[in-house]
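# Overview (structure and organization)
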Amino acid sequence: MGKRVYFFGGGKSEGDATMKNLLGGKGSNLAEMTNIGVPVPAGFTITTEVCTEYYEGGKGYPEGLKEEVIEEMKKVEEIMGGKFGDKDNPLLVSVRSGARVSMPGMMDTVLNIGLNNTTIQGLIAKTNNERLCYDSYRRLLQMYGNVVMSVPSGEFEKILGSIKEKQGAKSDADLTVENLKKVIEDYESLINEKAGKPFPEDTFEQLWGAIGAVFESWDTKRAIEYRRINNIPGDWGTAINVQTMVFGNMGDNSATGVAFTRNPSTGDNKFYGEYLINAQGEDVVAGIRTPQPITNEQKTDPDMVSLEDAMPEIYKELDGIQKNLEIHYKDMQDIEFTIQNGKLWMLQTRLGKRTAASAVKIAVDMMKEGLITKEEAVLRVQPAQLDQLLHPMIDPKAKIDVLAVGLPASPGAATGRVVFTADDAVEKEKEWGKIILVRSETSPEDIHGMNVAQAILTQRGGMTSHAAVVARGMGKCCVAGCSALQIDYDKKQFSVADKVIKEGDYITLDGSKGQVIDGKVDTVESTLSGDFGELMSWADEFRKLEVHTNADTPHDSKIAKDFGAEGIGLCRTEHMFFEGDRIDSMREMILAEDVEARKKALEKLLPIQRDDFVGLFRVMDGYPVTIRTLDPPLHEFLPHTDEEIKELADKIGVSSEKLKTKAENLKELNPMLGHRGCRLGLVYPEITEMQARAIIEAAVIVQKEGIKVHPEIMIPLVAHINELRKQKEIVVKAAEEVMEKTGEKIDYKVGTMIELPRAALIANEIAEEAEFFSFGTNDLTQTTFGLSRDDAGTFLPFYTENEILPADPFITVDQDGVGQLMKMGVERGRNTRKDLIVGICGEHGGDPETVIFCHDIGLDYVSCSPYRIPIARLAAAHAALKDFKTETKGEA
């Protein structure tokens, strides 16, 4: 093993932004900022490889690491003019995590390491600020005691709260030196009692305890859950950054803050952030004190004091640095800073988390500003993010009862039933469905509850609080810092003035306005900005895959076309039979005793089907429309309860017993592998004939109106060439008869779904008859894995949580198994028919990872539900551009 520890400070560093995988996002960016002359407190980074060694070696440090750390600490001491552990001139450090991608709040941090009952006297003499030193010591005891020695944080809060109450102190800043000494004394006793040993006086013991604890936090429940949600591999590990402490709590000429180089919610090109005078960094994000705005433009209250007003020279320097960082990294940055005795220090820069709307605006604006290319702009917006843009908003016409207003931390609108803990959120979501998590403030421990919630509401915290940052990253609506809420966890309720909202009551949040609204409120579909349209037009320039939609009605088809669909990749004809009275005709057909009776019932269905197809052809106006013939088993169309059976029997004039017997006879032990798909059309060819006739007759009607039509008739669940051959004969015969009768020539195709492993294996044979393939990946996944998607939900979460499977195969295509069958199907099919059109029509077609895979194996199109069309379009562009080398220098 080579070098494990990398130094930064004094304008020089041993790393840079390209070393993200080794130094983590935070470490590589600290190195990069140092290299470009930004004032960064000196420190060093322990690599991610050490984290891997730590776990592989039974949680022990690799040989030689401690000696390397001591050598790097000497360099830090020389640059910063102090000595770690020295009683006269002590140097204090922080220990922070730093994975290669940002995991905000998921891992642990310890500040003020190096303080003990001896060094504190040296720090007092050095700073001439007794209160700062004792305040820093009590913070160290609290953080170290909790993070390293496992003393519950609530125990420390009880002590602090009790002393504040006795002294009449409203905030921590109101405590005197004597008060803080009492807090420290009680904290030390608490640690001794709960941990069974005293807080370590040896400063290097403190350092190694903190390093170990941060490595351990890589594998906490919250970190594992965050990685699962965000598809971050567990073997990446975290780097550790040991950095000189600078103090924002030295008095009124000191401060700490968090900022974004552009507004993370809207994307507006305006410096945006929050700060606190006389505070340490965690005070801003923890929501303990309500922060102040950095710029005058951010003020929402004349009593607010911006950094621009409070410290104009510092603000000017900070504004210059943030502009330079954005130009250097060519992306919106999230920065942390501390002002110590009038000197500005930068503690972090990383790519800023942003909403989908802001991601689109920032990408488009930066391209127009000349910062990035069109290709980079397209790659800047993650396809899955677009889901946020397609969610509903509060109906402007709706009458609303606004209970309170907080900060608009993450946009969108959500209605749900109130819960007060993350654990309750997980449980109640299963029972109630949509829930809203209400907390005083969230912490990383709440990640599992936030993940299932529709939205998050907090009493405290700002736009850069944990709740705000995590909600924006998840694309969830969030209202933060709603101070009007009075939350009572014991009673499971909150109140605003005289109004009490209990657990289970409905509320609505408007994350764009920060409103908390009583009850359920109507919503409307969101409108997409001109920036969105422009970005999508750029994406369309680069993508190779066409994007079609799964739609069964003209309404859905219109929505999909408006979102950019270039055809219908799957029309499920069975869905049409469930509407209105047509189900009765369908049931009459199923219950028919002979072919003639069945044909008579089908004659009633034909004009209904034809009208449905006319509507689809008109909307798609020249785009291909792929219509699947009847697929599900017939028993699905029949009533199941005795009451429903009697009602239908009376309606169609047969006995309940006869109907019940028929329904029983149609039932199958394993219907998904039973009499369905092409098997129905083979046993009852009149069904396929009726559907083919309806399709071609509809095409004739629409073509006569001057609209181009391209029907594609798709035979489902084919496993043998003879199944397709016989079904195709029926379709062609019906089509020829309609065209001869009407004198119209229709350009139609006959193809099949590849949704069984055998079909993929003999794709070369099937392509002799099929003019197109469409992979039905829902069934192909079921039949390849031997899983029932209707039942697998009971254990698949266990599989993904325990990394038995990397992802739910019904959400993202299993590339190693199902994907190989797809690849084989494409290659073998095109060996037979060079011009074979191949697509995918399972819901996988809207999954970004699957879309990229479909591009890689040479598909012509993907098809997905209407609201996932933009996601698929952008993912297809990403697939085409994936080898494009961006000039962005750092990610964190």
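What counts, and at which threshold
Residues numbered from 1 in each chain as written. Predicted model: local features only at pLDDT ≥ 70, side-chain atom pairs only at ≥ 80, totals over all residues. Heavy atoms only, no water. Salt bridge = Lys/Arg side-chain N within 4 Å of Asp/Glu carboxyl O. Helix = DSSP H or I, 4+ residues; strand = E, 2+ residues; numbered from the N terminus. Buried < 20%, exposed > 50% of the residue type's maximum accessible area, 1.4 Å probe, protein only. Axes fitted to C-alpha atoms, helices over the stretch in contact; angles between N-to-C directions. Parallel < 35°, antiparallel > 145°, perpendicular 65-115°, else oblique. Left-handed = near helix turned anticlockwise from the far one by under 90°. Contact = heavy atoms within 4.5 Å. Core = buried A, V, L, I, M, F, W, Y, C linked by side-chain atoms within 4.5 Å. Nonpolar A, V, L, I, M, F, W, Y, C, P; charged D, E, K, R; others polar. Expected span 1.5 Å × (residues − 1). Arc of directions from axis to C-beta. Disulfide = S-S within 2.5 Å. Pairing = 2+ DSSP bridges.

## Observations regarding the pattern of salt bridges
Considering all chains together, one arrives at 61 salt bridges under this definition. Here K499 ties to D518 by a salt bridge, and the two come within 3.2 Å at their closest N and O atoms. With a gap of 19 residues between them, K499 in strand β23 (residues 499–502) and D518 in strand β25 (residues 515–518) connect regions that are remote in the sequence. Take K499: its relative accessible area is 35%, and that puts it in the partly exposed class. A relative accessible area of 21% places D518 in the partly exposed class. Among the salt bridges present, the one from E593 reaches K658, with a minimum N-O distance of 3.4 Å. With E593 in the loop between α21 (582–591) and α22 (595–620) and K658 in helix α24 (residues 656–666), this residue pair connects regions lying 65 residues apart in the sequence. Using a relative accessible area of 44% as the deciding quantity, one classes K658 as partly exposed.

## Comments concerning the packing of helix α5 (residues 130–147) against helix α7 (residues 177–195)
Two numbers describe how α5 lies on α7: the axes approach to 9 Å, and their chain directions differ by 20°. With respect to α7, the axis of α5 lies roughly parallel. When the axes of α5 and α7 are compared, the crossing they make is left-handed. Contacts between α5 and α7 involve E130, R131, Y134, D135, Y137, R138, L141, Q142 and G145 from the first element and V177, L180, K181, V183, I184, Y187, E188 and I191 from the second.

## Remarks on unusual backbone geometry
Unlike most non-glycine residues, N128 shows phi in positive territory, near 55°. Here N128 lies in the loop between α4 (119–127) and α5. Looking at N128, the relative accessible area reads 73%, which means it is exposed. The backbone of N231 sits at a positive phi, close to 55°, despite the residue not being glycine. Judged by its relative accessible area of 52%, N231 falls in the exposed class.

## Structural notes on the nonpolar core
One finds F613, F617, M822 and L859 to be the most contacted residues of the largest nonpolar core, which totals 95 residues. Counting residues in each nonpolar core, the second largest holds 85 residues, with Y134, V177, A468 and A480 among its members.

## Brief notes about the packing of helix α19 (residues 554–562) against α22
It is the contact of α19 with α22, at a shortest axis distance of 9 Å, that shows an interaxial angle of 15°. By the criterion of interaxial angle, the relationship of α19 to α22 is roughly parallel. Here α19 and α22 pass one another in a crossing that is right-handed. Touching P554, S557, K558 and K561 of α19 are G615, L616, V619 and M620, all from α22. Here the contact of α19 with α22 is built from residues that sort into four nonpolar, two polar and two charged.

## A closer look at helix α6 (residues 153–167)
For α6, spanning 15 residues, the distance from its first C-alpha to its last is 21 Å, which sits close to the expected 21 Å at 1.5 Å a residue. What α6 keeps buried is the set F156, I159, L160, I163 and K164. The arc that holds the buried residues of α6, viewed along the axis, is 130°, so those residues lie on one side. Seen from the open side of α6, the exposed residues pointing more than 90 degrees away from its buried face are K158, E165 and K166. Buried residues along α6 sit against α5 and α7.

## Concerning the state of the cysteines
The full count for this structure, using the stated rule, is zero disulfides. Counting only cysteine sulfurs, C477 is the nearest neighbor of C478, a cysteine outside any disulfide, at a range of 7.2 Å. Overall, C478 belongs to the buried group, its relative accessible area being 0%. Of the cysteine sulfurs around C482, a residue in no disulfide, the closest is that of C478, at 11 Å. On the basis of relative accessibility, which here comes to 0%, the residue C482 falls in the buried class.

## A look at the sheet that holds β23
Pairing is antiparallel across the open sheet formed by three strands, whose spatial order is β21-β22-β23. Where the open sheet ends on each side, the last strands, each with one partner, are β21 (486–488) and β23. Looking at each pair of strands side by side, their axes are set apart by 20° on average, direction ignored. Bridge count for strand β22 (residues 493–496) against β23 is four bridges, and the pairing is antiparallel. Residue V496 lies in a different strand from β23, and its bridge partner there is K499.

## A short note on the pairing of strand β19 (residues 455–458)
Residue alternation in β19 divides its side chains into two sets, A455 and L457 and I456 and T458, and both sets are buried. Summarising the sheet, strand β18 (residues 435–439) and β19 pair through four bridges and their orientation is parallel. Each bridged residue has a counterpart across the sheet, and for V438 the counterpart in β19 is L457. Sheet topology places β19 next to strand β20 (residues 477–480); three bridges connect them, and they run parallel. Bridge pairing in β20 links I456 to C478.

## Regarding the sheet that holds β25
Strand order in the open sheet formed by eight strands is β15-β25-β24-β17-β18-β19-β20-β16, and the pairing between neighbours is mixed. With one partner strand each, in any of the chains shown, β15 (402–405) and β16 (407–410) form the two edges of the open sheet. Neighbour-to-neighbour, the strand axes of this sheet turn through a mean angle of 30°, independent of strand direction. Bridge count for β15 against β25 is three bridges, and the pairing is antiparallel. By the bridge assignment for β25, V405 is matched with Q515.

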